[in-house]
There are 4 protein chains.
Amino acid sequence: MKADAAADVKMNTFGTHIRFTSFGESHGPAVGGVIDGFPAGRTIGMDFVRQQVQQRQPHADFSTPRHESDQITWLSGLKFIDDTSAITLGTPIAFYISNNDVRPLDYTTTPRPGHADMTYLLKYGIQPTGGGRASARETVTRVVAGAMCEQLLQEKGIRIFAYTHAIGNIKADDNYNNLNLNTIYDNATRCPDADTDSKMLQLLTQIKAQKDSIGGIVKIIVKGMPAGVGEPIFHRLPALLAHAILTINACKGFDYGSGFEAVEKTGSELNDPILPDWQTMPLQAPHTMTNNAGGCLGGITTGNDIVCRAVFKPTPTIGGEGRHDVCVVPRAVSVVKAMTALTLADVLL
Amino acid sequence: MKADAAADVKMNTFGTHIRFTSFGESHGPAVGGVIDGFPAGRTIGMDFVRQQVQQRQPHADFSTPRHESDQITWLSGLKFIDDTSAITLGTPIAFYISNNDVRPLDYTTTPRPGHADMTYLLKYGIQPTGGGRASARETVTRVVAGAMCEQLLQEKGIRIFAYTHAIGNIKADDNYNNLNLNTIYDNATRCPDADTDSKMLQLLTQIKAQKDSIGGIVKIIVKGMPAGVGEPIFHRLPALLAHAILTINACKGFDYGSGFEAVEKTGSELNDPILPDWQTMPLQAPHTMTNNAGGCLGGITTGNDIVCRAVFKPTPTIGGEGRHDVCVVPRAVSVVKAMTALTLADVLL
Amino acid sequence: MKADAAADVKMNTFGTHIRFTSFGESHGPAVGGVIDGFPAGRTIGMDFVRQQVQQRQPHADFSTPRHESDQITWLSGLKFIDDTSAITLGTPIAFYISNNDVRPLDYTTTPRPGHADMTYLLKYGIQPTGGGRASARETVTRVVAGAMCEQLLQEKGIRIFAYTHAIGNIKADDNYNNLNLNTIYDNATRCPDADTDSKMLQLLTQIKAQKDSIGGIVKIIVKGMPAGVGEPIFHRLPALLAHAILTINACKGFDYGSGFEAVEKTGSELNDPILPDWQTMPLQAPHTMTNNAGGCLGGITTGNDIVCRAVFKPTPTIGGEGRHDVCVVPRAVSVVKAMTALTLADVLL
Amino acid sequence: MKADAAADVKMNTFGTHIRFTSFGESHGPAVGGVIDGFPAGRTIGMDFVRQQVQQRQPHADFSTPRHESDQITWLSGLKFIDDTSAITLGTPIAFYISNNDVRPLDYTTTPRPGHADMTYLLKYGIQPTGGGRASARETVTRVVAGAMCEQLLQEKGIRIFAYTHAIGNIKADDNYNNLNLNTIYDNATRCPDADTDSKMLQLLTQIKAQKDSIGGIVKIIVKGMPAGVGEPIFHRLPALLAHAILTINACKGFDYGSGFEAVEKTGSELNDPILPDWQTMPLQAPHTMTNNAGGCLGGITTGNDIVCRAVFKPTPTIGGEGRHDVCVVPRAVSVVKAMTALTLADVLL
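Residues numbered from 1 in each chain as written. Chains lettered and ligands numbered in written order. Predicted model: local features only at pLDDT ≥ 70, side-chain atom pairs only at ≥ 80, totals over all residues. Heavy atoms only, no water.

A. Quick look at helix H1 (residues 46–56) of chain C. Turning to H1 of chain C, its buried residues are Met 46, Phe 48, Val 49, Gln 52, Val 53, Gln 55 and Arg 56 of chain C. Along its buried surface, H1 of chain C packs onto strand E4 (43–45), strand E5 (72–76), strand E6 (78–82), strand E7 (85–88), helix H3 (139–155) and helix H7 (329–348) of chain C. (Buried < 20%, exposed > 50% of the residue type's maximum accessible area, 1.4 Å probe, protein only. Helix = DSSP H or I, 4+ residues; strand = E, 2+ residues; numbered from the N terminus. Contact = heavy atoms within 4.5 Å.)

B. Focus on the interface of chain A and chain B. Each side of the interface is counted separately: chain A has 100 residues, and chain B has 100 residues. Both sides of the chain A and chain B interface together cover about 7,800 Å² of buried area, and 66% of this is carbon and sulfur. When the buried surface of chain A facing chain B is broken down by residue, Phe 234, Lys 252 and Phe 260 of chain A rank first, second and third, together holding 11% of it. The interface formed by chain A and chain B includes zero salt bridges. Our count for the contact surface shared by chain A and chain B stands at 32 residue pairs in polar contact (both at pLDDT 80 or more). Top contributing element to the side of chain A that touches chain B by residue count: helix H2 (residues 117–124) of chain A, with seven residues. Grouping the amino acids of the side of chain A that touches chain B by side-chain chemistry returns 45 nonpolar, 36 polar and 19 charged. Judged from the three bridges that link them, strand E12 (residues 251–256) of chain A and strand E12 (residues 251–256) of chain B form a sheet pairing that is antiparallel. Residue pairing for E12 of chain B: Gly 253 of chain A is matched across the bridge by Asp 255 of chain B. (Buried area = accessible area lost by both parts, 1.4 Å probe. Salt bridge = Lys/Arg side-chain N within 4 Å of Asp/Glu carboxyl O. Polar contact = N/O pair within 3.5 Å; in protein donor to acceptor, adjacent residues only side chain to side chain. Nonpolar A, V, L, I, M, F, W, Y, C, P; charged D, E, K, R; others polar. Pairing = 2+ DSSP bridges.)

C. Expanded view of the relation of the copies chain A and chain C. Of the two same-sequence chains, chain A is brought onto chain C (RMSD 0.0 Å, axial shift 0.0 Å) by a rotation of 180°. The symmetry that links the two subunits is that of a two-fold axis. Here 100% of the interface residues in chain A have copies in chain C that are interface residues too; the copies meet face to matching face. (Least-squares fit on C-alpha atoms with pLDDT ≥ 70 in both.)

D. Quick peek at the sheet that holds strand E10 (residues 170–171) of chain A. Spatial strand order, E10(A)-E9(A)-E11(A)-E15(A)-E12(A)-E12(B)-E15(B)-E11(B)-E9(B)-E10(B): 10 strands in an open sheet with antiparallel pairing. Each of the sheet's edge strands pairs with one partner strand only, and the pair in question is E10 of chain A together with strand E10 (170–171) of chain B. The pairing of strand E11 (residues 216–223) of chain A with strand E15 (residues 306–312) of chain A spans seven bridges and is antiparallel. Counterpart to Val 222 of chain A in the pairing with E15 of chain A is Ile 306 of chain A. Along the sheet face, helix H5 (residues 237–245) of chain B touches strand E11 (216–223), E12 and strand E15 (306–312) of chain B and points at about 160° away from the line of E12 of chain B. (Axes fitted to C-alpha atoms, helices over the stretch in contact; angles between N-to-C directions.)

E. Quick peek at the sheet that holds strand E7 (residues 85–88) of chain A. All names here are of chain A. On the basis of which strands lie adjacent, the open sheet formed by three strands has the order E4-E7-E6 and antiparallel pairing. Every interior strand has two partners, whereas the edge strands, strand E4 (43–45) and strand E6 (78–82), have only one. Going from strand to strand, the sheet's axes swing by 30° on average, the running direction of each strand aside. Seen against the sheet, helix H1 (residues 46–56) touches E4, E6 and E7 and runs at an angle of roughly 40° to E4.

F. A look at the relation of the copies chain A and chain B. Laying chain A over chain B is done by rotating through 180° and shifting 0.0 Å along the axis; what remains is an RMSD of 0.0 Å. Here 100% of the contact residues of chain A are again contact residues in chain B; the copies associate through an equivalent surface.

G. Fine view of the packing of aromatic side chains. One pass over the full model with this rule turns up 24 aromatic pairs over all chains. Taken together, the ring pairs connect Phe 14, Phe 20, Trp 74 and Phe 95 of chain A together with Phe 234 of chain B into an aromatic cluster. (Phe/Tyr/Trp six-rings, centres within 6.5 Å; stacked < 30°, edge-to-face > 60°.)

Listed below in structure tokens is the structure:
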């Protein structure tokens, strides 16, 4: 143990106006969080929060067998009307979720390849077994906070869709307008296309049989964002989104609009003509004819859909060791949506 | 003008420990910045700063014809020994660079497609001609600040390389170990391979003749980063780098390690075996046998090279309007390096 | 209810390197907090934490009759060795304390004079009964966090003393060197002088009989602070301490060193001669012969004792309404010490 | 020189929404600053800014003989209409003021008692002669930034008055309603009462003859603040104001409302009755009958005048060494007003 070389861990808080602080280790007593800056007097639907948490749970035989009921205990910031709705007091909203399916909290000595064990040990000198903070378990707290923020966005007519675009070499239609985004959670892979979902499931079965794991891509579509939102220079909206998404375990990259496809494109192909009545139209409407920009110019929204992609590496746990997902992508979509909601609520307040 | 609806612009500061605040409009009196948190008593080589600034200047006929001498005036924070070196006082280091080749500062009324004119107008109600803050002109201040930070990193044996990996469909070898990274600035395209540079130049000539523009990819390699650096959860090092790089004009995406290639890979292909003596080796050495991770696990460095990519869209200005670059990538490499240096110096302090 | 005019409440976090986020309403389910940035691998004595919490509890018949057992539930960040000690993991330390002696959480309609009810209603449109966040109940969470930080300071040989200097017109010796600071908690008023304590108790009995309340002064002495600590300009150490102390309910002012007495003093009376061997002595020693400065010059410590005062107004609740303290000062000393510990641990990390 | 032990100086920025970063050493090329977050499209009166700067200049024979013309050079963020007015662009507003009456920038070796020389040397290992950043010279930049922010407040009907309440044992009427606050700058001492001003001048003449210096008190009155402004808990408005004011050189204490007088008062004397129509009256009006609270309850404004005091120690430079003020208070009033304006504009945005 290099405990004395251990540096500080100061940064478990996300956001500026709505600030989410998360806590909890994978095999400790609980995971939880505090949401600060949430406006007062809003009615929160608790069924929606529970639904979002449930959607993130392992739900198919390619998911981890760890089972958690994910019961949320609310400690502050809310006055409950009944079991399904509560009013925000404008004060910090604190909650926790007990960890039930845990092993005794012990120290890791042999780091697993591809995991954060080694780097945590090098940084802190101490690392609990089961990944501690660097475990997918932590992300359930983000889903709770995201579900709160998403309700603020819904009030303003903003809808976030995150779905499985690719698993291995199986990909959905590149044009999301050809997909029915209301069917995302109808399919086990969270791909809103039944055929692609079937093919992905076949691939996952095969990968599982090989005791291996596989990567994939989550696509994010935000509809209804008003134009003119975002900060220029050092805190452009796409930079904030990239930051948010790359905080998710196993995420290896982010792009938006034409993204990595832009490399072989010319300016004449990508420029989006500005609509002639841009000055007089409502802010909450597309201001350009096409949307190669992915909804942002100069870091500020155009009123068009925000379109991003996030790539996830295969789970490093393979070959039968530990409890794990064959592919993290179907569960990551919930976390991607939550981080998107946290980011957008933060910049809109 | 929607001036009264104009929101605040609060976020022209980057970093936590070393904080860089930039200012200045493209056609205003000057651009400049303040670097706060820079350690006291360090000797800064001024020739290095000037060299970095010069490397960013338009330098070939595919670059903008706007000519600026980029003379830096230092206002505070330094005690100059002579023209080539200065000692830091530990106080804010302020500087500015006068804009010479300017047009009268006026208001934009007709936004250009693909630029930030429209979104700035929607946000602030006012936008100066020439792009104001949303102009490549602003990035020279980042290069100055980056050149200061890079010297802090060099003291610690850390070296940053940013180079042109691709322009359109012309790409350098994917394995950067096959390139001589000391030759980046020998070539006009900033690609450290003479053959690829020639092909890229041919493509740029052809695109210029078409009065069009083209995209590309910058690759970033950081050597000598000690293991154990970075914050977990919400401020992982790759998330901070993504944030930093996506603040650069025209950047549309970021990935690291296996990145977007990870999607079709399996866990067994990507896991990097941990070196048996990881616990006893010096922090400033690779701790894994291979480096699919791109130098970070769980957001914290492994001691291996940090390997990232940033994709840039084609310049939106085309068809002869305005002064512009046919491809921003050769000049963007300087800015990418600067933002990387700012990010790494910030997390290392 | 002006709920829609309700602004955000974003700032329940204190500190930069060690960041304490507090939550909980006076009559909600619980109060609690998250301590982020606490170094890994430190052994925390839990008896010390419990002792600090106990010292803040109502303990005499001039204190509120509300009774809380103040049992702490730890949710994360610690690996317990046994009931009396735990090792920090370097991760966020979350805890809560259930509220037991509560009334049903309802909305306030008639604001009480001298309390925050009216201003909270104006700001949030909603205010729970019992003061919500603006209740002394919230301060128990600060005492828990302060007790953690104080142990970090003790490791470095830094000791914080906060004591009752004055209640009404009864004052202890101005020269704290004439007091035995180890006897603070021997006396019900927290004044470390038995005679003064007796006189204060007499006054409190009399004030209580009048169904009134009375103000007082807490004095803070920090011994063992190394010289050279603090930030200049906008975050001078005395400014941070003033900020910290003035966040405590009922505090109306702060001064340090000669403080408000300085107004009638001349420079020749107040200048502290610098010790001739200041350059070679250990940092953790007084660097000036006298200490009119109160331990800070230019916002940075001199190695001499830090000496501050905080004044508290009489409790606004009088005349038999509600449960309250006749004088908040004896209980405020615990909170003042905690806020001082949080501030100093933050600047020392 | 302990240069390598030198810590970072990260904190030359004040504020959250309107963020002011200051730079410059007393005998360096210039002092200046960057104001970020200032709203776009506002017309700024430049004569007002110049007047504020002029009011801070040495103006009587008890002030330092150092003479600076304090000519402001604006670098960004403004579009000038003519010499007397400019429009804000919503981008960072950068400016500098050259230092003219300077001595060569050299290193301090013998620290002066009562000054920050020793503590800066202990912290940074390097300290320039003339106080570097820890000089009154730095405060001119705050006056410029404050004059910008004060214009935002004036637009909203908020007026800030700061004046000399006491110098040594000469004090103005405790009730500021008996003073004509529009006459502050008619008198050399900045006390808005001609008789008291005369007596103060006599005292200053006498102290100057003794080659000594003397302390004093600045009083701050803010009229027109709407009720319901401020954050609860850790960022109460009085805590922010205390923080702001205690960043000013030589300030040793801050209180508000009944302040240090509260110690001998009872609850029955200090409680301010709430006006019966508080719920329906305009926010920008007093909500309580009396104002012992000093305009804030629970950290949030009541609509009554904000009333604070700041105490300043005598200048440490005495006995003929160096150029200095016999009493800093008459010049400090400008800086106190500026810091108040920065704080209030920040919380109101």
